[in-house]
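Secondary and tertiary structure notes
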Amino acid sequence: SLRRASNVHWQALEVSKEARAGIKRQKPAVLWFTGLSGAGKSTIANLVEKKLLSLGYHTTLLDGDNVRHGLNKDLGFSDADRVENIRRVAEVSKLMTEAGLITLVSFISPFRAERQMARELLGAGEFVEIHVATPLAVAEARDVKGLYKKARAGEIPNFTGIDSPYEAPEHPEIVVAASGETPEAEAERIFKWLFDNGYLP
Ligand code: PPS
């Protein structure tokens, strides 16, 4: 990568992300949802986005299933591909925050090191890690997409929580879905946290 970038210089830009965001209500930030397949990441992220948008905050949402149909369709579920998946998503979410948006990111993102990389890339105060902490037994019992059943039958190798690891966050800003509350109540709690912590001017 040093070789590829060796004659590429950093271009200073005239307009800051604060200036871009300034024509709207928001302060740019990434809301990074992490958790097992079927934990409810997308459901809760969608509810939070709807609420923010209804209040006039300009948002966007990157979702694993969708991004893997486009930008990341060359990637599978080996450890190396998941690392690359999350690296690209972190870079894209940085571009989105530079455009001034509140960016919701919903990926399993199973590895601590890549989430830490994203945190450092986004910078202090702009990365809000939200652990959707639905236990494996609950996600597996729901099995909305039937994937756990297939994984247990050996039809999906490297399935998170079965034969591929999930490293839970140690110090997430917010933990949801560990106590069986409704997605609506959890979304409301996230909104309140953002409000109380100065993310929603
Ligand atoms: S990761 O680990 O962050 O790169 O995964 P992500 O991009 O979020 O993609 C997860 C969705 O892909 C489906 N799927 C799998 N998940 C886990 N392990 C394996 N092997 C796998 N194969 C396919 C699954 O539907 C995940 O969707 P969610 O929404 O998380 O349930």
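Right above here is the structure, for reference.
Here is a short report on the structure shown in this document. Because the structure is a prediction, the values reported are computed rather than measured.

1. A closer look at the overall build of the protein chain
Looking only at helices and strands, one finds nine helices and five strands in the protein chain. Listing each helix as α and each strand as β along the protein chain from the N terminus yields α-α-β-α-β-α-α-β-α-β-α-α-β-α. Scaling as 2.2 N^0.38, a compact globule of 201 residues should have a C-alpha radius of gyration of about 17 Å, and the protein chain matches this with 17 Å. Overall, the protein chain is about 55 × 45 × 30 Å in size when its C-alpha atoms are taken along their principal axes.

2. A word on helix α5 (residues 79-98)
Its 20 residues place the ends of α5 29 Å apart at the C-alpha level, agreeing with the 28 Å of an ideal helix rising 1.5 Å per residue. The complete set of buried residues in α5 reads Arg-82, Asn-85, Ile-86, Arg-88, Val-89, Ala-90, Val-92, Ser-93 and Thr-97. Where α5 is buried, its residues contact α2 (17-22), β1 (29-34), β2 (59-63), β3 (102-106) and α6 (112-122). Of the residues one or two after α5, Gly-100 is the one with positive phi, at around 100°.

3. What about the site of the ligand?
Around the ligand, a shell composed of 21 residues is seen, among which Ser-37, Arg-68, Asn-85, Ser-109 and Asn-158 lie nearest. Contact distances for the ligand include 2.9 Å between an oxygen atom and a backbone N or O atom of Ile-108. Against a free-state accessible area of 630 Å², the protein chains account for coverage of 91% of the ligand. In this structure the site holding the ligand corresponds to the largest pocket. Listing elements by their share of the shell around the ligand, those giving two or more residues are α4 (64-67) and α5. A class-by-class count of the residues in the shell around the ligand yields nine nonpolar, seven polar and five charged.

4. Section: the environment of Leu-95
Position of Leu-95 relative to the elements: it lies in helix α5. Along the chain, Leu-95 and Trp-32 lie 63 residues apart, while their C-alpha atoms are 15 Å from each other.

5. Some points on the pairing of β3
Within β3, five of the five residues are buried, leaving the element largely enclosed by the surrounding structure. Neither face of β3 is left uncovered, since the one carrying Ile-102, Leu-104 and Ser-106 and the one carrying Thr-103 and Val-105 both have all their residues buried. In the sheet, β1 pairs with β3 via five bridges, with the strands oriented parallel. For Phe-33, the partnering residue across the bridge sits in β3 and is Ser-106. Bridge analysis of β2 against β3 gives five bridges, and the strand direction is parallel.

6. Considering the packing of helix α3 (residues 41-54) against helix α9 (residues 183-196)
Running from amino to carboxyl end, α3 crosses α9 at an angle of 55°, the nearest separation of the two axes being 9 Å. The pairing of α3 with α9 is recorded here as oblique in orientation. Two packed elements cross with a definite hand, and for α3 against α9 that hand is right-handed. Along the contact surface, α3 presents Thr-43, Ile-44, Leu-47, Val-48, Lys-51 and Leu-52, while α9 presents Pro-183, Glu-184, Glu-186, Ala-187, Glu-188, Ile-190 and Phe-191.

7. Details of the pattern of salt bridges
For the structure shown, the criterion picks out 15 salt bridges. Close ionic contact of Asp-74 with Arg-88 constitutes a salt bridge, the shortest N to O distance being 3.0 Å. Separated by 14 residues along the polypeptide, Asp-74 in the loop between α4 and α5 and Arg-88 in helix α5 bring together distant segments of the chain. Among the residues examined, Arg-88 registers a relative accessible area of 19% and is labelled buried. Residues Arg-189 and Glu-186 are paired through a salt bridge, measuring 3.1 Å at the closest nitrogen-oxygen approach. Placement of the pair is Arg-189 and Glu-186 together in helix α9, with a separation of three residues, close to one helical turn. Counted as one network, the salt bridges with shared partners bring together Asp-74, Glu-84, Arg-87 and Arg-88.

Quick notes on the rules
- Every chain is numbered independently, its residues counted from 1 as its sequence is written.
- Given that this is a predicted model, residues contribute local features only at a pLDDT of at least 70 and side-chain atom pairs are listed and counted only at 80 or more, while totals for whole chains, interfaces and linings are drawn from all residues.
- To obtain the side-chain values, all non-hydrogen atoms of the structure were included, while hydrogens and water were left out.
- In this text, helices come from DSSP runs of H or I with a minimum length of four residues, and strands from runs of E with a minimum of two, each type numbered from the N-terminal end.
- Within these notes, the globule rule equals 2.2 Å times the number of residues to the 0.38 power, and the radius of gyration is based on C-alpha atoms.
- The span you would expect from a helix comes to 1.5 Å times its residue count less one.
- The buried label applies to any residue whose accessible area, calculated with a 1.4 Å probe on protein chains only, is under 20% of its type's maximum; exposed applies above 50%, and partly exposed to all values in between.
- Residues count as neighbours in contact if any of their non-hydrogen atoms are within 4.5 Å of one another.
- One heavy atom within 4 Å of a molecule or strand makes the whole residue count as near it.
- N or O atoms closer than or at 3.5 Å make up a polar contact, with two conditions inside protein: a donor-capable atom paired with an acceptor-capable one, and, for residues adjacent in sequence, both atoms drawn from side chains.
- Areas reported as accessible are Shrake-Rupley estimates using a 1.4 Å probe. Residue values count occlusion only from the protein chains shown.
- Cavities and pockets were defined on a 1 Å grid built from protein atoms only: a cavity is a group of points that admits a 1.4 Å probe but offers it no way out, a pocket is an open group of points flanked by protein on both sides within 12 Å along at least five of seven lines, and a lining residue is one with an atom within 4 Å of any such point.
- Just a note on the criterion: a molecule sits in a pocket or cavity if more than half of its atoms are within 2 Å of the grid points.
- Side-chain classes follow a simple rule in which Ala, Val, Leu, Ile, Met, Phe, Trp, Tyr, Cys and Pro form the nonpolar group, Asp, Glu, Lys and Arg form the charged group, and the remainder, Gly included, forms the polar group.
- The criterion for strand pairing is that DSSP finds at least two bridges linking the strands in question.
- An axis is simply a line fitted to the C-alpha atoms; with a helix, the fit covers only the stretch in contact. Between two such axes, the angle follows the N-to-C directions and lies from 0 to 180 degrees.
- By definition in this entry, angles of less than 35 degrees are roughly parallel, angles greater than 145 are roughly antiparallel, angles of 65 to 115 are roughly perpendicular, and the rest are oblique.
- Crossing handedness follows the turn of the near helix against the far one: under a right angle anticlockwise gives a left-handed crossing, and clockwise gives a right-handed one.
- For salt bridges, the criterion is a side-chain nitrogen of Lys or Arg within 4 Å of an Asp or Glu carboxyl oxygen.

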